[in-house]
Amino acid sequence: MSLDWIYYAISWILLRWHALWEAIGVPDGRVLGTNWAWILGILFLVVTLRVILFPVFVKQIKSQRAMQALQPKVKALQEKHKGDRETLQKEMMELYRTEKANPLMGCLPMFLQIPVFFGLFHVLQHLDPSISDKYKQLYGWSLEQFNSAADAHLFNAPISAKFGSSASELAALGANGTTVKVLAGILVLIMMGTTFLTSRQMILKTGWAEDPQQKMIQRLMLYGIPFSLLISGALFPIGVVIYWVTNNLFTLAQQQWVLRKFPPVQMAGAKTSSSARPASSGARAGNKNPVQPARTGGLFGKKSAPEPVSPVVDTKALAPKPGAKPVNPKKGARPANKPKG
């Protein structure tokens, strides 16, 4: 299947934003070693795509909430049909259909962004000044636009260069190898950090899954993907890393807003973070999880101050014992309202 339509779509959006920034008055030349019209074009390419995908993202959150609410029923079915996988699958599919929950909806936004990412990767890789004029005009680019983008820099590093660029590739771009490696290395580290935070933010709000397979997937998303970027990030053009970092920052803000608007489902009998145990009990129990299930607070899981607990009065201790004589007032004590003789 040809992906040309994705390359054309991404090129069109990128070129429209670049033209808009030029029309506004953002200089096309370098300021502080940066061609800001092209950098802003990439940033707002992210904004455009995330706005388009926002309804799908909201559906993803709602689907995750629905799946959480169904966990007690799913466990009941698993106990009822233990050892009968075929019947269990049928019953679970019927449950999802009845409750209008779609397990695949949780992965849909990520799957929709994958072709966009590879499309942008291809378009930026295509910005090679050594190719013929015929290929420079692919995907709706004019020669002037292509040459301008191929020469675009961020702090004196070409956006089409990468950490792993060879000496010949850097020479063709007229780039300094040290500048490219330092800038690309910093951006890759930021990309890894923001990727970790986006996964951590979601787990802070939804908690760790009880199913071992789902929990393994959560750990892979939390640790595996950011670590893999340490290697694969060296192959990404700087423009792609800019796109990824911007996308992560947008995701952090968007998730924070959506998670506040659609808070996690509180399961029956679940313990909240501010009750049911003292703050140090997790340490005594040897809990080594980096994040706790369904914690309250912001991105870094900061707990709110616990509400003051009123002292419990032991009414049994204060009540008179059975058979005990009532306590009489002291002899000679005169009631306050008795008139003097």
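Residues numbered from 1 in each chain as written. Predicted model: local features only at pLDDT ≥ 70, side-chain atom pairs only at ≥ 80, totals over all residues. Heavy atoms only, no water.

**Some words on the overall build of the chain**
Looking only at helices and strands, one finds 13 helices and 2 strands in the chain. Sorting the 341 residues of the chain into buried and exposed places 37% on the buried side. Sequence separation of 24 or more characterises 71% of the internal contacts of the chain that already satisfy a separation of 6 or more. A total accessible area of about 21,300 Å² is found for the chain, and carbon and sulfur atoms account for 64% of it. (Helix = DSSP H or I, 4+ residues; strand = E, 2+ residues; numbered from the N terminus. Buried < 20%, exposed > 50% of the residue type's maximum accessible area, 1.4 Å probe, protein only. Contact = heavy atoms within 4.5 Å. Areas by Shrake-Rupley, 256 points an atom, 1.4 Å probe, with all protein chains shown as cover.)

**Side note on helix α4 (residues 85-99)**
Helix length check: α4, at 15 residues, gives a terminal C-alpha distance of 21 Å against a target of 21 Å (1.5 Å per residue), a fit within 8%. Those residues of α4 lying buried are L88, M92, L95 and Y96. Each buried residue of α4 sits inside an arc of 95 degrees when the element is viewed along its axis, so together they form one side. Residues of α4 that are exposed and angled more than 90 degrees away from the buried face: E86, K90, M93 and R97. (Expected span 1.5 Å × (residues − 1). Arc of directions from axis to C-beta.)

**Remarks on the nonpolar core**
Counting 47 residues, the largest nonpolar core has W141, L154, M191, F236, I238 and Y243 as the members making the most contacts within it. Residues in contact with L154, not counting those within four places in the same chain, are G33, T34, I39, I159, L183, L187, I238 and I242. In this structure, M67, L70, L88 and Y96 belong to the second largest nonpolar core, which totals 9 residues. (Core = buried A, V, L, I, M, F, W, Y, C linked by side-chain atoms within 4.5 Å.)

**What to know about unusual backbone geometry**
Phi is positive for L32, which is not a glycine, with a value near 55 degrees. Relative to the helices and strands, L32 resides in the loop between α1 (4-24) and α2 (36-69). You can call L32 exposed: its relative accessible area is 69%. Positioned with a positive phi, N156 is a non-glycine residue whose angle comes to about 70 degrees. In this structure, N156 sits in the loop between β1 (153-154) and β2 (157-158). The exposure class assigned to N156 is partly exposed, which follows from its relative accessible area of 46%.

**A look at the confidence of the model for the chain**
Across the chain, the average pLDDT comes to 76, with 70% of residues at or above 70. For the chain, the element scoring lowest by mean pLDDT is helix α12 (residues 281-284), at 42; β1 scores highest, at 94. Contacts for the low-pLDDT stretch residues 268-310, under 50 throughout, to residues beyond four places or in other chains number 52 contacts. (pLDDT = per-residue confidence, 0-100.)

**Thoughts on a nonpolar patch on the surface**
There is a patch of nonpolar side chains on the surface, built from L189, F227, L230 and I231 and spanning about 450 Å² of accessible area. The element best represented in the nonpolar patch is helix α10 (residues 212-232), accounting for 3 residues. Turning to its location among the elements, F227 is positioned in helix α10. With relative accessibility at 54%, the residue F227 sits in the exposed group. (Patch = residues over 30% accessible without salt bridge, like charges linked within 9 Å, V, L, I, M, F, W, Y side chains within 5 Å. Salt bridge = Lys/Arg side-chain N within 4 Å of Asp/Glu carboxyl O.)

**Brief notes about the environment of I242**
Counting through the fold element by element, I242 comes out in helix α11 (residues 238-261). Sequence spacing of I242 and I39 is 203 residues, and the spatial spacing of their C-alpha atoms is 8.3 Å. The contacts of I242, once residues within four sequence positions are left out, are I39, I42, L43, L154 and L187.

**Thoughts on the side chain of T195**
Secondary-structure assignment places T195 in helix α9 (residues 177-206). Residue classification places T195 among the buried positions, given a relative accessible area of 6%. In terms of polar contacts, T195 uses its side chain to reach the side chain of W244, at 3.0 Å. Those residues in contact with T195 that sit more than four places away from it in its chain are I225, P226, L229, W244 and N248. (Polar contact = N/O pair within 3.5 Å; in protein donor to acceptor, adjacent residues only side chain to side chain.)

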